[in-house]
Amino acid sequence: MKNILSKLAVLILLIASLQSVNAQTKETLGTGKAWMLTYFRQRYPTRIEINAKGETVEVPLPNPMLVAQLHIALSTDGRHWTPINDNKPIWDQRMRDQFIHRGPDGLWRLVATGGGGRGEGRQFGPACLYATSPDLIHWKFEQSLHLMKDVKDESDAFVRNIWAPEYFYDEATKEYTLLWSSSFEDAGWKHSRLWYCKTTDWKTFTPAKVLLAPGYSCIDGTLIKQGDTYYLFHKEEEFSPATGERRGIRLATSKNLEGPYTVFDGPLNKGQIAPTITEGPSVMKDPIKPGWLLYYDFPMADQYGISSSPDLFHWTIEKDITLPSDARHGSVSQLTAAEAKALMDAYPNTK
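Residues numbered from 1 in each chain as written. Predicted model: local features only at pLDDT ≥ 70, side-chain atom pairs only at ≥ 80, totals over all residues. Heavy atoms only, no water.

**Student:** Explanation requested: the overall build of the chain in the structure shown.
**Tutor:** The helix and strand inventory of the chain stands at three helices and 22 strands. Scored against the burial criterion, the 351 residues of the chain give a buried share of 51%. Partitioning the intrachain contacts of the chain with sequence separation of at least 6 by distance along the chain shows that 54% fall at a separation of at least 24. Accessible surface for the chain amounts to roughly 16600 Å². Of this, 53% is attributable to carbon and sulfur atoms. (Helix = DSSP H or I, 4+ residues; strand = E, 2+ residues; numbered from the N terminus. Buried < 20%, exposed > 50% of the residue type's maximum accessible area, 1.4 Å probe, protein only. Contact = heavy atoms within 4.5 Å. Areas by Shrake-Rupley, 256 points an atom, 1.4 Å probe, with all protein chains shown as cover.)

Rendered as structure tokens:
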């Protein structure tokens with residue numbers, strides 16, 4: 001009986017906490033400050049390891065699930081996030097690793113892992129998804145982007161994947177730089193590099209080139225500019241008896257968008273800036289104090305993490321945070337109060 005009462009008390013506290021966060025979000029929206037986290041949801045079915053013989057081993061994980069669609073959560077401080085629509089998708093288009101930002105023309109542009117290729121894979125290689133929205137509520141699938149169609153290896157084969165595409169808009173040149181990871185191996189995490197191309201109209205794209213090949217396999221690149229320096233956050237994707245467990249977030253910097261980039265030696269795990277195993281980094285300015293926030297998910301632990309920094313190099317893990325359950329690979333954007341309210345009105349929480 002005591003055990004039942006204890007569980008009931010915890011449930012009541014959780015409900016009260018969620019209601020408090022919802023109320024705080026709506027109240028603070030009146031100040032005009034709101035931020036959006038976009039994500040998909042997943043609990044991995046297995047964890048991939050490499051044994052002493054160099055063989056790939058899959059270790060089963062409990063309670064797998066996947067909802068590879070667009071989800072949105074809102075926040076007023078960057079640390080406590082409330083999902084809308086009861087943490088259910090707001091669009092039925094299949095996708096992963098969605099990245100959404102507002103363009104200079106006011107249009108919201110989404111790129112994501114997936115998008116199929118509509119049977120074109122053999123002719124053009126893999127594709128990623130490109131979609132647009134005027135208001136974050138009504139979405140239009142634009143096209144599948146075959147960004148690596150001009151790139152083949154020595155055996156005349158296409159890459160196997162285009163993972164976690166993002167883009168960076170350059171105010172000076174009026175160009176969008178798209179970046180993503182690709183590999184020619186039989187799994188996307190093997191010997192992967194970051195690639196890039198450019199476009200001004202989202203119809204024609206420059207040939208893909210390597211953006212970062214740091215001597216270790218890397219995926220999940222995200223790019224920001226502060227002052228005259230470009231900061232390229234990414235995941236080091238190495239794990240084996242030879243390398244140890246090195247699946248974690250790292251940072252590289254350059255004075256030129258196209259590089260070359262210098263890898264920063266962070267204090268964690270001999271060079272990283274976030275704990276292992278983490279991936280899917282996203283960065284935004286801290287809403288409540290000078291500095292920055294770094295977001296990343298713990299894919300094997302089904303958790304999310306946030307670190308803060310005054311200078312983009314030295315990071316402290318934030319402890320008081322609230323994020324949607326099972327959220328994976330988020331991207332963050334600032335909204336107007338009206339946009340946030342419209343999202344909550346269109347997709348209200350009922351629980």
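**Student:** Where do I start with the environment of Leu 294 in this structure?
**Tutor:** Assignment of secondary structure puts Leu 294 in strand S19 (residues 292–298). For the pair Leu 294 and Gly 78, spaced 216 residues apart in sequence, the C-alpha to C-alpha distance is 10.0 Å. With residues near it in sequence (within four places) discarded, Leu 294 still touches Phe 233, Ile 249, Ile 273, Pro 281, Ser 282, Val 283, Gly 305, Ile 306, Ser 307 and Trp 315.

**Student:** Where do I start with unusual backbone geometry in this structure?
**Tutor:** Residues other than glycine predominantly adopt negative phi, and peptide bonds predominantly adopt the trans conformation. Cis geometry is found at the peptide bond from Gly 259 to Pro 260, where omega equals 10 degrees. As for its placement among the helices and strands, Pro 260 is situated in the loop between strand S16 (244–254) and strand S17 (262–264). With an omega dihedral of -10 degrees, the bond running from Thr 276 to Ile 277 counts as a cis peptide bond. In this fold, Ile 277 is placed in the loop between S17 and strand S18 (279–285). Positioned with a positive phi, Lys 174 is a non-glycine residue whose angle comes to about 60 degrees. As for its placement among the helices and strands, Lys 174 is situated in the loop between strand S10 (163–170) and strand S11 (175–182). Backbone geometry at His 191 places phi at a positive 50 degrees, although glycine is not the residue there.

**Student:** Got a minute to help me understand the pairing of strand S12 (residues 193–199) in this structure?
**Tutor:** Looking along a regular strand, one sees side chains alternate from face to face of the sheet. Within S12, six of the seven residues are buried, leaving the element largely enclosed by the surrounding structure. Across seven bridges, the pairing between S11 and S12 is antiparallel. From the neighbouring strand, Ser 181 faces S12, where its bridge partner is Leu 194. Where S12 lies against strand S13 (residues 209–212), three bridges are found, and the strand directions are antiparallel. Directly across from Trp 195, in S13, lies its bridge partner Val 210. (Pairing = 2+ DSSP bridges.)

**Student:** What's the story with the side chain of Thr 278 in this structure? I'm lost.
**Tutor:** Position of Thr 278 among the secondary structure elements: in the loop between S17 and S18. Note on Thr 278: relative accessible area 0%, which makes it buried. From its side chain, Thr 278 meets the backbone oxygen of Pro 275 in a polar contact 2.6 Å long. Residues within four places of Thr 278 in sequence aside, it is in contact with Lys 235, Arg 247, Gly 248, Ile 249, Tyr 296, Asp 297, Phe 298 and Pro 299. (Polar contact = N/O pair within 3.5 Å; in protein donor to acceptor, adjacent residues only side chain to side chain.)

Functional significance is not addressed by these values, which are geometric in nature.
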